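Results of the structural survey
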Amino acid sequence: MPHEPKGSAPLFGQLLHGDRSLAISDSIDVLSAGIIVADHVSSPISHLPAAGELVMAERLLLTIGGCAANAAVDLAKMDVGAAVVGRVGGDVFGRVVADMLREHGVDVSCVQLSQGSDTSQTLIVNVAGQDRRFIHTFGANAEFSAADIPLEQVQRCRVLYLGGYLVLPKVRPEDLAAVFQAARQAGARTVLDVVTPGPGDYLPWLKPVLPHVDVFLPNNHEAELISGEKDPVRQAEFFRRLGAGTAVITMGGDGAVLVGDRARLRAGVYSVPLVDGSGGGDAFDAGYICGLLRDADAAECLRIASALGASCVRAIGTTPGVFTRTECEAFMRSNALRIEQL
């Protein structure tokens, strides 16, 4: 089983607050582990500039990005105590990201500093009427490993979430399986999301882990790369055979499919104006986790997840548009989501 790495860099929270030891608050329900990014996002522009051309954007936004950071902020907006577990670099963006997370009420005690690395960053270019374009540097995320997830906190949380698996090169499947197993043995629920950079053999990375996963949340494109199946229902069934308790396949504007022990569901989407799709999947994950924390049934988990996912795409950036709990509950009272049995 993974253990606390000896000689690792001090926690980022300690660097910001002097030498005193910081511990995660007892009010933390969710450990959100994985990718942390500083996003540079443009509001929609008319067209991509040609060489030497200047194109004006109404806004350029520096904001939080990355699966773990996004989900934690979204959970905090929903009045859920969340802590981020991940790595930032020894540059100004590491401090900026930590400051922004704290401003949102997210615990950063378990964010570690990779002093010799840059903080991961993404340039997101939005062109009106087109899909987003990304320029990315992986930075300190490349050093994140399962050993960075503190087992003492794992055994105290209610949900352990890992976002960005399969692009985290030091997160080995056997190590992650052991951490997830420890979480479940302590009574926590485990939730896993992935990022697939392109075609590859991902099954050796998933087979040891999925038997210890309560909810697996890939999108349909990721699921097809992993399973070879095009149909989202068959994708979900594939992951269930590999051991996942519940498989939820998200499909953007086409909704989601859920296959679990007690439910087989297809959900539509809430209709909202699309401004920027960045972070929609992470918001969906956060909403589903909110449902788990409320012991909601599968259909209600899908409703909350779909509402948070829809709220995210209404504004540029991965988290600014995401509902607060009050906003989410009001929206769900006023808007119905189509859910049908498979």
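The structure we're discussing is the one just above.
First, a word on what this report is: a plain description of the structure on this page. In this text the structure is predicted, and so the values were computed from the model without any measurement.

Turning next to the pattern of salt bridges. Tallied over the entire structure, the rule returns 13 salt bridges. Here Arg234 ties to Glu229 by a salt bridge, and the two come within 3.3 Å at their closest N and O atoms. Put simply, Arg266, Arg338 and Glu340 are held in one network by salt bridges that share partners.

Before going further, it helps to examine the layout of surface pockets. Approximately 410 Å³ is the volume found for the second largest pocket. Lining the second largest pocket are 19 residues, and of these Thr246, Tyr288, Leu292, Ala296 and Ala298 lie nearest its centre. At the level of secondary structure, the elements contributing two or more residues to the lining of the second largest pocket comprise α9 (280-293) and α10 (298-312). In terms of residue count, the dominant contributor to the lining of the second largest pocket is α9 (three residues).

This paragraph deals with the packing of aromatic side chains. According to the stated counting rule, one finds four aromatic pairs in the structure shown. Ring geometry for Phe216 against Phe239: centres 4.9 Å apart, planes inclined by 80 degrees, an arrangement best described as edge-to-face. Taken together, the positions of Phe216 in strand β10 (residues 215-216) and Phe239 in helix α8 (residues 232-241) put the pair 23 residues apart, joining distant regions of the chain. Relative accessible area serves as the criterion here: at 0%, Phe239 is assigned to the buried category. For the pair Tyr270 and Phe331, a centre-to-centre distance of 5.0 Å together with 70 degrees between the ring planes defines the contact as edge-to-face. With Tyr270 in the loop between β13 (264-267) and α9 and Phe331 in helix α11 (residues 325-334), this pair connects stretches of sequence that are 61 residues apart. Take Tyr270: its relative accessible area is 6%, and that puts it in the buried class.

Turning our eyes to something else, we now look at the nonpolar core. Leu162, Tyr165, Leu192 and Phe239 are the most contacted members of the largest nonpolar core, which has 108 residues in total. Per-element accounting of this core gives the leading share, 10 residues, to α10. Contact partners of Phe239, with chain neighbours within four places excluded, come to Leu210, Phe216, Pro218, Ala223, Ile226, Ser227, Ala244, Ala247 and Ile249.

The rules behind each value
- Residues numbered from 1 in each chain as written.
- Predicted model: local features only at pLDDT ≥ 70, side-chain atom pairs only at ≥ 80, totals over all residues.
- Heavy atoms only, no water.
- Salt bridge = Lys/Arg side-chain N within 4 Å of Asp/Glu carboxyl O.
- 1 Å grid on protein atoms, 1.4 Å probe; cavity = no way out; pocket = protein on both sides within 12 Å on 5 of 7 lines; lining within 4 Å.
- Points joined across faces, edges and corners; volume = space filled by probe spheres on them.
- Helix = DSSP H or I, 4+ residues; strand = E, 2+ residues; numbered from the N terminus.
- Phe/Tyr/Trp six-rings, centres within 6.5 Å; stacked < 30°, edge-to-face > 60°.
- Buried < 20%, exposed > 50% of the residue type's maximum accessible area, 1.4 Å probe, protein only.
- Core = buried A, V, L, I, M, F, W, Y, C linked by side-chain atoms within 4.5 Å.
- Contact = heavy atoms within 4.5 Å.

In short, geometric facts, not functional conclusions.
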